[in-house]
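# Analysis of the macromolecular model
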Amino acid sequence: MRKDVRILLVGEPKVGKTSLIMSLVSEEFPDEVPLRAEEITIPADVTPERVPTHIVDYSEAEQSDEQLSQEISKANVICIVYSVNNKKSIEKVTSHWIPLINDRTDKDSRVPLILVGNKSDLVEHSSMETILPIMNQYQDIETCVECSAKNLKNISELFYYAQKAVLHPTGPLYCPEEKELKPSCIKALTRIFKVSDLDNDGVLNDNELNFFQRTCFNTPLAPQALEDVKNVVRRNMTDGVKDNGLTLKGFLFLHTLFIQRGRHETTWTVLRRFGYDDDLELTQEYLYPMIKIPPDCTTELNHNAYLFLQSVFDKHDKDRDCALSPDEVKDLFKVFPYMPWGPDVNNTVSTNDQGWITYQGYLSQWTLTTYLDVQRSLEYLGYLGYSIIYEQESQAAAITVTRNKRIDLQKKQTQRSVFRCNVLGARGSGKSGFLQAFLGRNLQRQRRVREDHKSFYAISTTYVYGQEKYLLLHEVMPDFDFLSEADLACDVVCLVYDINSPRSFEYCAKVYKQYFIDSKTPCVVIAAKSDLHEVRQHYSLSPHEFCRKHKLHPPQPFTCNMTDAPNKDIYTRLTTMAMYPHMAQADLKNSTFWLRASVGATVFAVLGFAMYRALLKQR
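Residues numbered from 1 in each chain as written. Predicted model: local features only at pLDDT ≥ 70, side-chain atom pairs only at ≥ 80, totals over all residues. Heavy atoms only, no water.

### Here's the deal with the pattern of salt bridges
Pairs can form between side chains of opposite charge once their charged atoms are near each other. To keep things clear, this is the line we draw: Here, a salt bridge means any Lys or Arg side-chain nitrogen found within 4 Å of an Asp or Glu carboxyl oxygen. By definition, any uninterrupted DSSP run of H or I lasting at least four residues is a helix, any uninterrupted run of E lasting at least two residues is a strand, and each is numbered from the N terminus.
Inspection of every chain in the model, using the stated rule, returns 20 salt bridges. Among the ionic pairs, K230 bridges to E227, the shortest N-O distance being 3.3 Å. Taken together, the residues K230 and E227, both in helix α8 (residues 223–236) and three residues apart, mark about one turn of the helix. Each of R403, K405, D408, R416 and D491 takes part in one network of salt bridges that share partners.

### So, the sheet that holds strand β18 (residues 467–475)
Condition: Two strands are counted as paired when DSSP detects at least two bridges linking them. A fitted line through C-alpha atoms represents every axis, and for helices the fit uses only the stretch in contact; the resulting angles, taken between N-to-C directions, go from 0 to 180 degrees. Throughout, a contact is declared for two residues whenever any of their heavy atoms are within 4.5 Å.
Spatial strand order, β17-β18-β16-β19-β20-β21: six strands in an open sheet with mixed pairing. Unpaired on one side and paired on the other, β17 (457–464) and β21 (556–558) mark the two borders of the sheet. Strand-to-strand twist in this sheet, taken as the mean axis angle between neighbours without regard to direction, amounts to 30 degrees. Looking at chain direction, β17 and β18 are connected through eight bridges and run antiparallel. Note that in β18 the partner of I459 across the bridge is L472. Lying on the sheet, helix α14 (residues 359–372) is in contact with β16 (418–425), β17 and β18; it crosses β18 at an angle near 65 degrees.

### Description of the environment of N561
This is how it is decided: For each residue, the accessible area found with a 1.4 Å probe, counting protein chains only, is set against the maximum for its type, and the residue is called buried under 20%, exposed over 50%, and partly exposed in between. Nitrogen and oxygen atoms within 3.5 Å of one another constitute a polar contact, given that in protein one can donate a hydrogen and the other can accept it, and given that sequence-neighbouring residues count only through two side-chain atoms.
With respect to the helices, strands and loops of the structure, N561 is situated in the loop between β21 and α23 (569–579). Using a relative accessible area of 44% as the deciding quantity, one classes N561 as partly exposed. Residues N561 and Y580, 19 residues apart in the sequence, show an inter-C-alpha distance of 31 Å. Ignoring any residue separated from it by four or fewer positions in sequence, one finds N561 in contact with L443 and D531. Here D531 takes part through its side chain, which lies 3.0 Å from a polar atom of the side chain of N561.

### Points about helix α10 (residues 264–273)
Within α10, seven of the ten residues are buried, which leaves the element mostly enclosed by the surrounding structure. Taken as a whole, α10 has its buried residues at H264, T266, T267, W268, V270, L271 and R272. Check the buried side of α10 and you find it contacts α5 (155–167), α6 (183–196), α7 (206–217) and α9 (248–260).

### Some remarks on the confidence of the model for the protein
How we decide: pLDDT runs from 0 to 100 and stands for how confident the predictor is about each residue.
When pLDDT is averaged along the protein, the result is 90, and 93% of the positions lie at 70 or above. Here residues 615–619 is modelled with pLDDT under 50, and outside its nearest four sequence neighbours on either side it reaches seven contacts, counting other chains as well.

### A word on the packing of helix α12 (residues 303–316) against α14
For clarity, the cut-off: Between 65 and 115 degrees an angle is taken as roughly perpendicular, under 35 as roughly parallel, over 145 as roughly antiparallel, and anywhere else as oblique. Here a crossing is called left-handed whenever its near helix is offset anticlockwise from the far helix by less than a right angle, and right-handed whenever the offset is clockwise. Gly is put with the polar residues, along with every residue not named as nonpolar or charged; the nonpolar set is Ala, Val, Leu, Ile, Met, Phe, Trp, Tyr, Cys and Pro, and the charged set is Asp, Glu, Lys and Arg.
Packing of α12 against α14 brings their axes to within 11 Å, and their N-to-C directions diverge by 135 degrees. By the criterion of interaxial angle, the relationship of α12 to α14 is oblique. Classified by chirality, the crossing of α14 by α12 is right-handed. Only Y359, Y362, L363, W366 and T367 of α14 make contact with α12, whose side of the interface consists of Y306, L309, Q310, V312 and F313. Its residues placed into classes, the contact of α12 with α14 shows eight nonpolar, two polar and no charged.

### Some words on the pairing of strand β5 (residues 113–118)
In plain terms, the rule: Place the viewer so that the strands point away; then a crossover is right-handed whenever the path from the first strand over the helix to the second strand goes clockwise.
The buried fraction of β5 is high, at six of six residues. Across the two faces of β5 the burial is the same, with L113, L115 and G117 and I114, V116 and N118 all buried. Of the strand pairs in this sheet, strand β4 (residues 77–83) and β5 are connected by six bridges, and their pairing is parallel. Of the residues in β5, the one forming a bridge with I80 is L115. As paired elements, β5 and strand β6 (residues 141–146) share five bridges and run parallel to each other. Bridged to I114 within β6 is T143. Handedness of the β-α-β unit built from β5, helix α4 (residues 128–137) and β6 comes out right-handed.

### Some points on empty space enclosed by the protein
Quick note on the threshold: Grid points spaced at 1 Å over the protein atoms alone were grouped into cavities, where a 1.4 Å probe fits but cannot get out, and pockets, open sets with protein on both sides within 12 Å along at least five of seven lines, with lining residues defined by an atom within 4 Å of a point. Grid points are joined across faces, edges and corners, and a volume is the space filled by probe spheres set on the points.
A full pass over the atoms with the stated rule returns three cavities of 30 Å³ or more. Its boundaries defined by the atoms lining it, the largest cavity holds a volume of some 100 Å³. Mapped by element, the contributors of at least two residues to the lining of the largest cavity are α17 (405–411), α23 and α24 (581–586). Among the elements that line the lining of the largest cavity, the one with the most residues is α17, at three residues. Of the residues in the lining of the largest cavity, the class split is five nonpolar, three polar and five charged.

### Some remarks on the state of the cysteines
Our working rule: The criterion for a disulfide is a pair of cysteine sulfur atoms lying within 2.5 Å.
Counting across every chain of the model gives zero disulfides. Between C216, a cysteine without a disulfide, and C185, which holds the nearest cysteine sulfur, the sulfur-to-sulfur distance is 13 Å. For C216, a relative accessible area of 8% translates into the label buried.

### With respect to the nonpolar core
Filter applied, for reference: Definition of nonpolar core: a set of buried residues of the types Ala, Val, Leu, Ile, Met, Phe, Trp, Tyr and Cys, connected through side-chain atoms within 4.5 Å.
Counting 73 residues, the largest nonpolar core has I192, L271, F274, L309, Y362, W366 and L384 as the members making the most contacts within it. Broken down by element, this core gets its largest block of residues, seven residues, from α9. Setting aside its immediate chain neighbours within four residues, L309 contacts L301, Y362, L363, W366, L381 and L384. Of all hydrophobic cores here, the second largest spans 27 residues; its members include V496, I526, I570 and L574.

Right, dumping it as structure tokens:
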């Protein structure tokens, strides 16, 4: 909401502009009226909306046209004052003042206008019959007030309506000619309804309505008040209430009713609570709250964020198969202005046999987004209403910023849950196959992936010494001369070569010597396509000799050309090295390092599967 409101009073001479301001301030009619009142500021604590309000007078005798133009451009709302007993001042509203204001303001950002009929104490009739056609003709006119500076009639109301026209404008919400909500308002309220529909059954039940009421207005509705609201909807439409809950049509009808009865502030309170600005766009402050990320720190979702995302998944997994069908994904993202996940996501995370994203894959994709682009993750959580549902100040409360990696190395332990492995190798060495095998896909299944749906990332969970961790694999493009800092910044490096291609290992050797020989980042050499015949590599040292010379683990044989899902031991080993880089170096000559990692992975994979089945039964 605006931090202050600036009200400008204009109109013909002698209509009582200055008297209105002075009567408001002194609460009595002034004996002597100057040509123009000084600008006054009403403090926030004495205004109904708790917003400082500046009231500015205009005098044709004291001010030039240029000064008037400046004041019009600075005003948030303009009151055009006329005298109810002076027909000429009424005619000037349409012949002079409205055209002048429109000429001085940008068409896309017109200020709201209020017509003020002063000196109502001098006549017994109302000017409304003359004014109503003018209000219908000009959409910028918010309302009309008849008042009297002399007997103080409607003076406070006049300035309240002016303030309200700025803070709770009708224009963005409602079309008076059609007597219905505008499309942008319907779109915003529909998102609010879907976010508030916690079980996604298409109606707001009493618990959801109470949560909504408490969220927006800090007070629950009494049971009788809830019934009264639903009865109002029932009397006006047949499909506004279903199964004793409020439907989207009923929800939209209520807001139409609020606006028609002049209670715009109710709808605006709801819109602003859910992050919308005066143009019914989600604010930058709402979507992108401030979050500080020091160098060498990473971003992860915390426990509450995962619980929230789990509830969002459950809400949309209608058939309870622990996977999201294309229609269920579409339904989940209806609260977004665009579809955030492309077809590459299905090749980045785990899917079921139908190619649908599983529960584990869904959480993995959120983990990936948060790690790679935390601002995007904050934006997505904003669309889903995380801060509202979990009653947090902002989505930033969902993010954990890890401590500096150097401290982890010094203390030889880490609290991080997500580890990045960059996968490097010459073209055709088997990098993509290595990524897809992590998601349980053998070569036959990988061949079904369309070229334009391929992903350079793969993320899933592994178990290291009983702890569930995320391993993020990133396939780095094989451009030896242009490896960026992002290509090099990771927790563990995989150097992949094709044992059946004689020039494949040379790339790995050169990359290692150029970028990683003096690095503290653990490196593993992967002998890919190990099901094929191994040929001699055209390099001065064989891969085994190279690894021995540089104190690396021996090349790890790997293939995804099998009938079953590929073996995942190597990924657990990579995660273990990423978590304990000091142990990876110290245990280089000790084969039990690999053995401990592999046995731990097998045990906890079995345990993990048992827990997963238990969770399925529970759900």
